[in-house]
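Understanding the architecture of this molecule
One letter stands for each residue in the lines below.
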Amino acid sequence: MRTLLLFLLTTVSVFAQAPAPEIERLAERLSRADAIGRRADEASWFRRAATYEEQRGALADLAGGFPGIDEAALDDDRWIDLQILRAMVEYRLVDLGFDLAEPTFLLPSAKEVGDSLGGSESRVVDLYAGLAELPSRLLDAAAGSAPLSRPRAEAAVVRIEEVRALLASRGPKAEAMLAAFGDRPEGARIGADLALDLYRRELEGRLPRSVPDAPGVGRERFEARLRLWHRIDLPLDEIVATAEREMERVEGLLAETAASIEPGKSWRDITEEMKSSGPGPDELVDFCRHTKEEAVELIREKRFVPLPDYATNCGVKGHDTKGHYPYAYYQPARGENLRGEFVVTTVGDWMTEAQRLQKTRDSNRHWMRVVTVHEALPGHHLQFAMAARASNAIRGRYYTPFFSEGWGLYCEELMWEHGFMPDPRTRIAQLRMRLWRCARVLCDVGIHTRTMTPEQAIGLLVDRCLLEPDNAKKEVDRYLGSPTQPMSYLIGCLTFERMRREYRRLHGDRPDWELEFHTKLLSYGSVPLPAIERVVLGRSG
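**Side note on the packing of aromatic side chains**
All chains considered together, the criterion is met by 12 aromatic pairs. Between Tyr-410 and Phe-496 the ring centres are 6.1 Å apart and the planes differ by 80 degrees, which places this aromatic pair in the edge-to-face class. Within this pair, whereas Tyr-410 is found in helix α16 (residues 401-417), its partner Phe-496 is found in helix α20 (residues 485-507), the two being separated by 86 residues in sequence. Looking at Tyr-410, the relative accessible area reads 2%, which means it is buried. Three or more aromatic residues joined by ring pairs make a cluster, and in this case those are Phe-403, Trp-407, Tyr-410 and Phe-496. Across from the ring centre of Phe-420, 4.0 Å away, lies the NZ or CZ of Arg-369, which sits over that ring.

**Side note on the packing of helix α3 (residues 45-63) against helix α4 (residues 76-100)**
With their axes 9 Å apart at the nearest point, α3 and α4 run at an angle of 150 degrees to one another. Judged by the inter-axis angle, α3 sits roughly antiparallel to α4. For the crossing formed where α3 meets α4, the hand is left-handed. Here Tyr-52, Glu-53, Gln-55, Arg-56, Leu-59, Ala-60, Leu-62 and Ala-63 of α3 come into contact with α4, specifically with Val-89, Arg-92, Leu-93, Leu-96, Gly-97 and Leu-100. Here the residues of the contact of α3 with α4 are counted per class, giving nine nonpolar, two polar and three charged.

**Side note on the environment of Glu-251**
Relative to the assigned elements, Glu-251 resides in helix α10 (residues 236-261). Distance in space between the C-alpha atoms of Glu-251 and Arg-432 is 8.4 Å, their sequence separation being 181 residues. Sequence-distant contacts of Glu-251, that is, excluding residues within four places in its chain, are made with Trp-267, Leu-435 and Arg-464. Polar side-chain contacts of Glu-251 include one of 2.9 Å to the side chain of Arg-464.

**A short note on the sheet that holds strand β1 (residues 314-319)**
Read across the sheet, three strands follow the order β1-β3-β2 without closing on themselves; strand pairing throughout is mixed. Of all strands in the sheet, those with a lone pairing partner are β1 and β2 (328-334), marking the two edges. Geometrically, the sheet is characterised by an average inter-axis angle of 20 degrees between neighbouring strands, direction not taken into account. By the bridge criterion, five bridges tie β2 to strand β3 (residues 339-345) in an arrangement that is antiparallel.

**A few points about the side chain of Thr-495**
With respect to the helices and strands, Thr-495 occurs in helix α20. When its relative accessible area of 8% is taken as the criterion, Thr-495 is described as buried. Residues contacting Thr-495, with those up to four places away along its chain left out, are Leu-529 and Glu-533.

**Regarding unusual backbone geometry**
The residue after Gly-278, namely Pro-279, is reached through a cis peptide bond having omega 5 degrees. Within the secondary structure layout, Pro-279 lies in the loop between α11 (267-274) and α12 (284-302). In this structure, Pro-378 follows Leu-377 across a cis peptide bond, with omega equal to 10 degrees. In this fold, Pro-378 is placed in the loop between α14 (365-375) and α15 (380-390).

Definitions and cut-offs
Residues numbered from 1 in each chain as written. Predicted model: local features only at pLDDT ≥ 70, side-chain atom pairs only at ≥ 80, totals over all residues. Heavy atoms only, no water. Phe/Tyr/Trp six-rings, centres within 6.5 Å; stacked < 30°, edge-to-face > 60°. Helix = DSSP H or I, 4+ residues; strand = E, 2+ residues; numbered from the N terminus. Buried < 20%, exposed > 50% of the residue type's maximum accessible area, 1.4 Å probe, protein only. Lys NZ or Arg CZ within 6 Å of the ring centre and 35° of its normal. Axes fitted to C-alpha atoms, helices over the stretch in contact; angles between N-to-C directions. Parallel < 35°, antiparallel > 145°, perpendicular 65-115°, else oblique. Left-handed = near helix turned anticlockwise from the far one by under 90°. Contact = heavy atoms within 4.5 Å. Nonpolar A, V, L, I, M, F, W, Y, C, P; charged D, E, K, R; others polar. Polar contact = N/O pair within 3.5 Å; in protein donor to acceptor, adjacent residues only side chain to side chain. Pairing = 2+ DSSP bridges.

Here it is in structure tokens:
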């Protein structure tokens, strides 16, 4: 149920607000630093490192400018913009350092070398100029002692041998073109060859200490993204312990709910019965469309979340996808009419009979009622529509699932509290979804810190959360490519639930305190959780 985020990352809303001048100047400097990075991406291999170093210097200078801003003088909107800018700059700076430390970063590819050797005189001159600088650059790189990823170190060794072979076989002929380079262009090639060989030996010497071949980005990079981009400053052990405690609590609620349906039956037994409750594949989209309309009626009747007219333009459609979305996904609100789409994934002709059965069983009416709340209203569509209204040149470049996915999960419990799931079987489905989001935390942390294999993650989702095996595999395939996103649902939801309790303590005497809380919460877009918590509960606190 991951949202499609390209819109927020590349588009500024037509309703954008202008940041304060000093914040705007910082944003412009970040844009210039990003432009240097794009130039580096397109540069020749021997200019790439220097250009990225230029970008790193620009980012470091920008980071040094934040302490000079009087944060107390900023209103809430501008203060949030500042926190987002700080998150983007600090994360880009550290992430760039990870890229620069990759063992292949300073190495040309065989294709780059081959194209240059077979190209014009100017391309050969450029190549040899880079070769002349290569020994000193590789000497600096070899001084590093951080643990390497074994696959990346081995890939670097292969690349070195390919480049050395090309230089040996085709270099002498190309050197005949280099009258402008100097008297002995072969000296640059020979020096580069020696440096490459020494770098290969250094990498091979570190292979016994390298990290085994395993998926995941590694603990250091995972924690950096969590702490700097998302601003979640909690130890991973604490996050995992929180998820495990919540799993136990939810399993207790599941047992209580099952007992209220039929004493003696477990929630697992009842779940198996529910999986045969329909709707059929041909009725699924209409079922979700009707459920969305029911949700809108309840929200309008009870007025516990805002529902402006511009935030109701949510379509519902089916889509046969082979991608990593077992149940549904959301295409964000865009354009002046803020049209969004709740996309229900349907049974496809390409599926085997077993896959069709698993898809139908998992997409039963109880489960999909909860999915509709999460993806449409009051979940993603409401939040993204209001975020589009709050967007500006800074917020349009930032996104964190800890807000949007946290809000989606939060809405599932909220709608149950307000009577949208009177059937206790639907309550079981809703609690199973919460259990699943707890398991996602364990999978996310485990896979990317390389303490859990994908197979173990699939087993956890099937055995403890009762996902169908094919859908569990799709889930884990997605987790592999989206570090920190799977954990965002639970961590964001728990943050909003804690905030709601505190807001009620402070303002519960007001008749519309709940509507007021949710309106404030959604008025700034998908922003870092610590920032929205300070703004909603009071920055002076």
